[in-house]
Amino acid sequence: MLVDRPNSVRIGGLAWLIEGSDLLERDHGKAGVTYWTGKITVDTRSPDIAREANTLLHELFHAIEFVYAPGNLHATEGQIMCLAAGLWQVLADNPGVREYLWAALETPDVEAPE
């Protein structure tokens, strides 16, 4: 099932624009996050949607760190790469875990009985 890349994402109540570009120079032409404008850009030159999606996940980790640890950005590119690639691999290789997480996201919170 092929799904279009989303145009935006909300992280901690902040809206981030997601756009594709075939002219990226930063980070060897792969992607980038512009913190002060709330924009995530991914390279669209690859015909491989999995590679583009993995790059988006990587950039989302950068944006998450910016939102939830403002002024305290200490994760290295290596750490972000490890998190993104590792989570991608776990979700790709474990459909049961993926389905469980997705189901939990779609299940409304149930309050405990009084």
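You'll find the structure just up there.
All figures in this text were calculated on a predicted structure; none of them were measured in a lab.

Rules of the game
Residues numbered from 1 in each chain as written. Predicted model: local features only at pLDDT ≥ 70, side-chain atom pairs only at ≥ 80, totals over all residues. Heavy atoms only, no water. Pairing = 2+ DSSP bridges. Helix = DSSP H or I, 4+ residues; strand = E, 2+ residues; numbered from the N terminus. Axes fitted to C-alpha atoms, helices over the stretch in contact; angles between N-to-C directions. Contact = heavy atoms within 4.5 Å. Buried < 20%, exposed > 50% of the residue type's maximum accessible area, 1.4 Å probe, protein only. Parallel < 35°, antiparallel > 145°, perpendicular 65-115°, else oblique. Left-handed = near helix turned anticlockwise from the far one by under 90°.

**Here's the deal with the sheet that holds strand β3 (residues 31–34)**
- Here 4 strands make up an open sheet; going across it, the order is β1-β2-β4-β3 and the pairing mixed. Looking at strand neighbours, the two that pair on one side only are β1 (8–11) and β3, the edges of this open sheet. Direction aside, the axes of adjacent strands within the sheet are offset by 20 degrees on average.
- Contacts from helix α1 (residues 49–68) reach β1, β2 (14–21), β3 and β4 (39–43), with the element oriented near 160 degrees to β4.

**Considerations on the pairing of β4**
- The element β4 is extensively covered by neighbouring structure, given that 4 of its 5 residues are classed as buried.
- Direction of pairing for β2 relative to β4: parallel, over a ladder of 5 bridges. Across the sheet, the residue bridging to G20 is V42, located in β4.
- With 4 bridges connecting them, β3 and β4 associate as antiparallel partners. Note on β4: the bridge partner recorded for T34 is K39.
- Adjacent in sequence and paired antiparallel, β3 and β4 are bridged by 4 residues, among which G38 carries a positive phi angle near 65 degrees.

**What to know about the packing of α1 against helix α2 (residues 77–93)**
- Contact pair α1 / α2: the axes reach a minimum separation of 9 Å and the direction vectors enclose 130 degrees. With respect to each other, α1 and α2 are oriented oblique. With respect to the hand of their crossing, α1 and α2 are arranged in right-handed fashion. Along its contact with α1, which presents A50, A53, N54, L57, H58, F61, H62 and E65, the element α2 presents E77, I80, M81, L83, A84, A85, L87 and W88.

Take it as geometry only, folks, not as evidence of what the structure does.
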